[in-house]
Amino acid sequence: MKPDSVIQLRKRGGATAVTVPRLEQATKLRLGFTTRLDGVSRGSYAGCNLSFEVGDDDGAVVENRRWAARLLRVPFESLTFCSQAHGDEMAVVTKEDRGRGLFSSRQAFTGRDAMVTNLLGITLCILTADCLPLILIDPERRAAGVAHLGWKGTSLKLAMKTVFKLGQEYASKAEDILAILGPAICPQCYEVDDALKEKFLGDDKVFRRIAPRHYSFDLVGANKAQLLEAGVKEENIIDTNLCTAKYLDYFYSHRAEGASTGRQMAAVMLR
Ligand SMILES: [Zn+2]
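(A) Examining the overall build of the protein chain more closely. Counting its secondary structure elements, the protein chain contains seven helices and 16 strands. The globule rule puts the C-alpha radius of gyration for 271 residues at 18 Å, and the 17 Å found for the protein chain is close to it. Taking the principal axes of the C-alpha coordinates as reference, the protein chain spans close to 50 × 45 × 35 Å. Burial analysis of the protein chain (271 residues in total) assigns 51% to the buried set. Once local pairs closer than 6 in sequence are excluded, the contacts in the protein chain between residues at least 24 apart make up 64%.

In structure tokens:
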């Protein structure tokens, strides 16, 4: 199946998200990436912050999550979270897990950075501000996955492991899987030093030298390469191609704004 990769901005009920409407239609699911536009958070979190973990008011986060659910056309109670730890642990989401972490990050899956499910009506959510949110869909076996990919998760090959997890749990074939790469920091905005390059376990061609002992890091490119290596077809990879550090009106950026900023959400629900 060739995905129709026309990316659109959807605005509704006081929030805005990046969506792929024809793909949602064709694969009978809901998916999207929220933006910071609108929402009720204030100050440095201004807009639609969806994380309890950044120091924002909890009530505002819950309200924003309600807006996000309406916008993505998924039930609010279906939003399911993992408490991300920059590792490579994955969670298989069951019926009992629906809504985990919705009102408190203490209830979220602890120390997991990816989730998979084949159940209808569960919305898998990943929170980011520069890290790459990845959505995986297997329209054949009807399964979905999400992953949170910073440089550590990338180094640990979490994107590849999540593809394999879908195979292990649901017999998904990599060649059937569609991968949607959400808004993330681009190489021009992501400068790293020697120390990080030394620690990175993957192929170091994702680093480009820009000054003595300084490099730009291609987070999205590194993960695309992993998806291809895992057997995902190039034509099945959709890159939203939006830099979070550049488009600060639209997205939260940890790099560009520091620690006191919000998080946007990537979400997918089979239906
Ligand atoms: Zn950029």
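From this point, the narrative continues.
(B) Representation of the nonpolar core in the model. One finds Met115, Leu134, Val146, Val163, Ala267 and Val268 to be the most contacted residues of the largest nonpolar core, which totals 77 residues. Apart from residues no more than four positions distant in its own chain, Val163 is found in contact with Leu136, Ala174, Ile177, Leu227, Ala230 and Val232.

(C) The sheet that holds strand S10 (residues 143–149), seen in detail. With mixed pairing, the six strands of this open sheet are ordered in space as S5-S7-S10-S9-S11-S15. The sheet is open, and its two edges are formed by strand S5 (90–92) and strand S15 (237–239), each paired on a single side. Geometrically, the sheet is characterised by an average inter-axis angle of 15 degrees between neighbouring strands, direction not taken into account. Bridge analysis of strand S7 (residues 114–117) against S10 gives four bridges, and the strand direction is antiparallel. In the strand pairing of S10, Met115 is matched with Val146. Sitting on the sheet, helix H4 (residues 158–170) touches S5, S7, strand S9 (132–138) and S10, and the angle it makes with S10 is about 160 degrees. Where helix H6 (residues 219–230) meets the sheet, it contacts S9, S10, strand S11 (178–181) and S15, and its direction lies at approximately 25 degrees from that of S9.

(D) How the structure looks around the sheet that holds strand S3 (residues 29–38). What the seven strands build is an open sheet, ordered S1-S2-S3-S16-S8-S4-S6; its pairing is mixed. Either end of the sheet is taken by a strand with one partner, and the two such strands are strand S1 (8–12) and strand S6 (109–110). Sheet analysis places S3 next to strand S16 (residues 264–270), joined by five bridges and oriented antiparallel. Its bridge partner being in S16, Leu31 is matched across the sheet by Val268.

(E) Main features of H4. Its 13 residues place the ends of H4 18 Å apart at the C-alpha level, agreeing with the 18 Å of an ideal helix rising 1.5 Å per residue. Among the residues making up H4, those that are buried are Leu158, Ala159, Met160, Thr162, Val163, Lys165 and Leu166.

(F) Region of interest: the pairing of S3. Here S3 lies mainly inside the structure; seven of its 10 residues are buried. One ladder, built from three bridges, connects strand S2 (residues 15–19) with S3; its direction is antiparallel. In the strand pairing of S3, Ala15 is matched with Asp38.

(G) Expanded view of the packing of H4 against H6. Close contact between H4 and H6 brings their axes to 8 Å; oriented N to C, the two are set at 35 degrees. The chirality of how H4 crosses H6 is right-handed. Residues Ala159, Met160, Val163 and Phe164 of H4 form the contact with H6, whose participating residues are Asn223, Gln226, Leu227, Glu229 and Ala230. Among the residues forming the contact of H4 with H6, the class breakdown is six nonpolar, two polar and one charged.

Calculation rules
- Residues numbered from 1 in each chain as written.
- Predicted model: local features only at pLDDT ≥ 70, side-chain atom pairs only at ≥ 80, totals over all residues.
- Helix = DSSP H or I, 4+ residues; strand = E, 2+ residues; numbered from the N terminus.
- Rg over C-alpha atoms; globule rule 2.2 N^0.38 Å.
- Buried ≥ 20, exposed ≤ 12 C-beta atoms within 10 Å, placed from the backbone.
- Contact = placed C-beta atoms within 7 Å.
- Core = buried A, V, L, I, M, F, W, Y, C linked by C-beta atoms within 7 Å.
- Pairing = 2+ DSSP bridges.
- Axes fitted to C-alpha atoms, helices over the stretch in contact; angles between N-to-C directions.
- Expected span 1.5 Å × (residues − 1).
- Left-handed = near helix turned anticlockwise from the far one by under 90°.
- Nonpolar A, V, L, I, M, F, W, Y, C, P; charged D, E, K, R; others polar.

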